[in-house]
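Fold and geometry: a report
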Amino acid sequence: MMMKMKKKELVKNLKTPWYITLINKYRMQLGLVVITAMVLVLFMIGSPRAFLSGNIYRTFLSTIPFVGIMALGLTLILASGQIDLSFPSTMALSGYAFAVIFTMTESVFLGLVVALLAGALIGIGNGLLVTKIGIPPIIVTLGMMFFIRGVVHVLAGGLAVPLRALSGTNWFKVFSGTFVGIPVQSVWFLLLGVFLWFILFRHRLGDSILFIGDNEETAGMMGINVHRTKIVAFAIMGMLAAFAGVLDLFRLRTWWPTMGEGYLMTTMAAVFVGGTSMFGGEGTIFGTFIGAFLIGSLEAGIVASGMSGFWTQLIYGLLIIVSVTIHTLLRRKSK
Amino acid sequence: MNKLVEMKNIHKSFGEVVALRGIDFTVKDNEVVGILGDNGAGKSTLIKMLAGVVTPTKGDIYIKGEKINPRNYSVKKARKLGIETVYQEKALGDLQPLWRNIFIGRHRTNRLGFINVAEEKRETDKIMRELIGLTGGGASCESSVKTLSGGERQGVAIGRAMYFDADLVILDEPTMALSLQEVDKVLNFIRKIKEMGKACIYISHNISYVYPVSERFVLMDRGQVIVEYKKEQVTLEELMDKVVMATQVGKRQ
């Protein structure tokens, strides 16, 4: 009897409680939440007038999703072991397509479909050059970034397109209203985040993406269609950039040829700060989610605390370097 | 015994480089065949053809009596015909959990392509218990491959092949970079394959590993089959001498 008791106790002691396991599993994400909370507390102390009112948080919830939605796509791209630099230009071209179609037909639906199609096509172009020709993704998408931006400028002749009529459409509430008091953009961000989590971690496509990022040769020899998966990943990235562009147009109600410029750095920063590896085979949707909020609140915080806007670039750049350094060191340690 | 795999007059060149020149090779049901030969003998190219990764330049392949059309032969087709391959060190994704590694390329999904994770994890635990014998050391279906030893990795790759009910398991240098104790484990897996009534092709440099578990030995050198022996025809020492002689004669020519 005594022996039995002892054995039971031993087993109980050996088995780590579920909450410890949970904390261990998500320690990076938890750390991130703590850091974000600390940054916000710092801002509250630094500029209490701005950061203790609800207004600024409502603003966050309507501005952060543009970067966040593209960051979700970039998480998939990085998980597959690749990179995309062209999405800010994709956002601009898709936005232009939307603006032109909407001006011509007054149909938001048609404009949205054409914009998503344009985004997907650019992504497929990236994917084809990477897989069929064999150019490294960083070079392909760098070229595409300049090329598409050039196309945008040539097509628009450098002129903006006013879209004031958007506020009169029924779609305005869907893309720019509020949902139980929350800016609807963040509801889209949340829905897309949940959807892409399921794609990356519970769907065959995500499984292929993770495996290709992990070991491309193995993936091919185990029967995964490597080329098709990469092309689809780039197409998803393009469509998310297009969707973010359309959302942004509903907010600004003017299309600018410079649309998306400046989003490259913030999107990268959100993904890397979130903890997604730049080596492929891993990714965290939740991390990207928090990363986007951290990055988004930083900019407002820097400006509100009276520092010059020049500081934002310095801090974002530093954040990218620090977060990838930490990630690389952790990775080396675990090896 | 029926012929499970029959390859007739197989040629393969990669551009100017000729890898295989007129190979005839068969594997019968429930037979363990060892392929021996130096680097560059064409062993890996030969088995990659059966696995659906490489297509022959010339020659015919029959699997279970059915002639293979090289143009629509693929990894998936090979698996459907019951051929599973365990590659040296390239079989698994290091960062992925075991259950993803077991079901890579053939996940249990619903019609929309979403994976039945609970079922796959359950099956993975079963595979680890019943086929691999990987129970100690705290490994679970969620452990990532990088936490496993070299022998355990090969165990997972071989267990995966057995689970999917292969008729032929191809092992390409499965004992590379393994400790002696782990080599024993891999050799036991091969014996298990034989006991389960399945066939096996075992490729290795190390004749003393191949000898105890194989029934027939095929010596290859520079893209050709030089000689074949049945186990009862040679002792381990004789086989070693013959391999050395065969490759040296080849070099003198």
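Cut-off values and rules
- Residues numbered from 1 in each chain as written.
- Chains lettered and ligands numbered in written order.
- Predicted model: local features only at pLDDT ≥ 70, side-chain atom pairs only at ≥ 80, totals over all residues.
- Helix = DSSP H or I, 4+ residues; strand = E, 2+ residues; numbered from the N terminus.
- Rg over C-alpha atoms; globule rule 2.2 N^0.38 Å.
- Buried ≥ 20, exposed ≤ 12 C-beta atoms within 10 Å, placed from the backbone.
- Contact = placed C-beta atoms within 7 Å.
- pLDDT = per-residue confidence, 0-100.
- Pairing = 2+ DSSP bridges.
- Axes fitted to C-alpha atoms, helices over the stretch in contact; angles between N-to-C directions.
- Parallel < 35°, antiparallel > 145°, perpendicular 65-115°, else oblique.
- Left-handed = near helix turned anticlockwise from the far one by under 90°.
- Nonpolar A, V, L, I, M, F, W, Y, C, P; charged D, E, K, R; others polar.
- Expected span 1.5 Å × (residues − 1).

The next subject is the overall build of chain B. Each helix and strand in chain B was counted, giving 8 helices and 10 strands. Scaling as 2.2 N^0.38, a compact globule of 253 residues should have a C-alpha radius of gyration of about 18 Å, and chain B matches this with 19 Å. Expressed as a percentage of the 253 residues in chain B, the buried residues total 42%. Taking contacts inside chain B between residues at least 6 apart in sequence as the whole, the part at least 24 apart equals 68%.

What follows covers the overall build of chain A. When its secondary structure is counted, chain A shows 16 helices and 4 strands. Relative to its length of 335 residues, chain A is compact, with a C-alpha radius of gyration of 22 Å against a globular reference of 20 Å. With the C-alpha coordinates aligned to their principal axes, the bounding extent of chain A is approximately 85 × 60 × 40 Å. A total of 335 residues make up chain A; the buried ones form 47% of that total. Residue pairs in contact within chain A that sit at least 24 positions apart in sequence constitute 78% of those at least 6 positions apart.

The next subject is the interface of chain A and chain B. At the interface, 18 residues of chain A touch 21 residues of chain B. Put simply, the parts of the chain that give the side of chain A that touches chain B at least two residues each are helix 10 (184-202), helix 11 (204-214) and helix 12 (216-221) of chain A. The leading source of residues in the side of chain A that touches chain B is helix 11 of chain A, at 6 residues.

With that settled, the discussion passes to the confidence of the model for chain A. A low pLDDT score tells you not to read the predicted coordinates there in detail. Residues and elements named next belong to chain A. Residues of chain A with pLDDT of at least 70 account for 95%, and the chain-wide mean is 88. No element of chain A has a lower mean pLDDT than helix 1 (residues 2-14), which averages 49, and none a higher one than helix 7 (residues 108-133), which averages 97. Ignoring residues within four places in sequence, the model shows residues 8-13, a span with pLDDT below 50, making 0 contacts including any to other chains.

Another point: the sheet that holds strand 4 (residues 58-63) of chain B. All names here are of chain B. Pairing in this open sheet of 4 strands is antiparallel, and the strands run 2-1-4-5 from one edge to the other. Bordering the open sheet on either side are strand 2 (17-28) and strand 5 (66-67), each of which pairs with just one other strand. Pairing between strand 1 (residues 3-14) and strand 2: 9 bridges, direction antiparallel. By the bridge assignment, His-11 is partnered in strand 2 with Arg-21.

All names here are of chain B. As for its position among the elements, Lys-8 is in strand 1. Classification of Lys-8 by C-beta neighbours within 10 Å gives partly exposed; the count is 14. Placed 14 residues apart in sequence, Lys-8 and Gly-22 show a C-alpha to C-alpha distance of 7.6 Å. Contacts of Lys-8, omitting those with residues within four sequence positions, involve Asp-24, Gly-59 and Asp-60.

Here we come to the sheet that holds strand 8 (residues 199-203) of chain B. All names here are of chain B. Spatial strand order, 6-7-8-3-9-10: 6 strands in an open sheet with mixed pairing. Where the open sheet ends on each side, the last strands, each with one partner, are strand 6 (83-86) and strand 10 (224-230). Sheet twist, expressed as the average angle between the axes of neighbouring strands with direction ignored, equals 20 degrees. Note that strand 9 (residues 216-221) and strand 10 share 6 bridges and pair antiparallel. Paired with Met-220 across the strands is Val-225, a residue of strand 10. Seen against the sheet, helix 6 (residues 180-195) touches strand 3 (32-37), strand 7 (168-172) and strand 8 and runs at an angle of roughly 155 degrees to strand 8.

Here the focus is the packing of helix 5 (residues 54-79) of chain A against helix 14 (residues 263-274) of chain A. Geometry of a packed helix pair, given as the angle between the helix axes and the separation of the axes. Residues and elements named next belong to chain A. Packing of helix 5 against helix 14 leaves a shortest axis separation of 9 Å and a crossing angle of 60 degrees. The angle between the axes of helix 5 and helix 14 places the two elements in the oblique class. For the pair helix 5 and helix 14, the sense of crossing is right-handed. Mapping the contact onto sequence places Val-67, Gly-68, Met-70, Ala-71, Leu-74, Thr-75 and Leu-78 in helix 5 and Tyr-263, Thr-266, Thr-267, Ala-270 and Val-271 in helix 14. A per-class count over the contact of helix 5 with helix 14 returns 8 nonpolar, 4 polar and no charged.

Here we come to unusual backbone geometry. All names here are of chain B. With a phi close to 60 degrees, Asp-165 is a non-glycine residue in the positive phi region. With respect to the helices and strands, Asp-165 occurs in the loop between helix 5 (150-163) and strand 7. Residue classification places Asp-165 among the exposed residues on the basis of 10 C-beta atoms within 10 Å.

Before going further, it helps to spend a moment on the environment of Pro-88 of chain A. Residue and element names in this part refer to chain A. Inspection of the secondary structure assignment puts Pro-88 in helix 6 (residues 87-105). C-alpha of Pro-88 to C-alpha of Leu-30: the two residues are 58 residues apart in sequence and 30 Å apart in space. Setting aside anything within four residues of it in sequence, one finds Pro-88 in contact with Gly-260, Glu-261, Tyr-263 and Leu-264.

Residue and element names in this part refer to chain A. Across its 20 residues, helix 15 (residues 285-304) extends 29 Å between first and last C-alpha, which sits within 8% of the 28 Å expected from 1.5 Å per residue. The buried fraction of helix 15 is high, at 16 of 20 residues. One or two steps after helix 15, the chain reaches Gly-306, where phi turns positive at roughly 90 degrees.

Time to look at helix 13 (residues 226-252) of chain A. Residue and element names in this part refer to chain A. Between its first and last C-alpha atoms helix 13 spans 39 Å; for 27 residues at 1.5 Å apiece the expected length is 39 Å, and the two agree. Counting buried positions over the 27 residues of helix 13 gives 22, a clear majority of the element. Once helix 13 finishes, Arg-253 follows within two positions and takes phi at roughly 55 degrees, a positive value.

Take the packing of helix 10 of chain A against helix 11 of chain A next. Residues and elements named next belong to chain A. At a minimum axis distance of 5 Å, the contact between helix 10 and helix 11 shows a crossing angle of 65 degrees. Between helix 10, through Ile-199, Leu-200, Phe-201 and Arg-202, and helix 11, the contact on the second element is made entirely by Leu-205, Gly-206 and Ile-209. Of the residues belonging to the contact of helix 10 with helix 11, the class tally is 5 nonpolar, 1 polar and 1 charged.

A few words now on the confidence of the model for chain B. Residue and element names in this part refer to chain B. Considering every residue of chain B, the mean pLDDT works out to 86; 94% of them sit at 70 or more. Looking over chain B, one finds the lowest element-wise mean pLDDT in helix 8 (residues 236-252), namely 74, and the highest in strand 8, namely 93. Taken together, the chains of this predicted complex give a pTM of 0.87 and an interface ipTM of 0.82.

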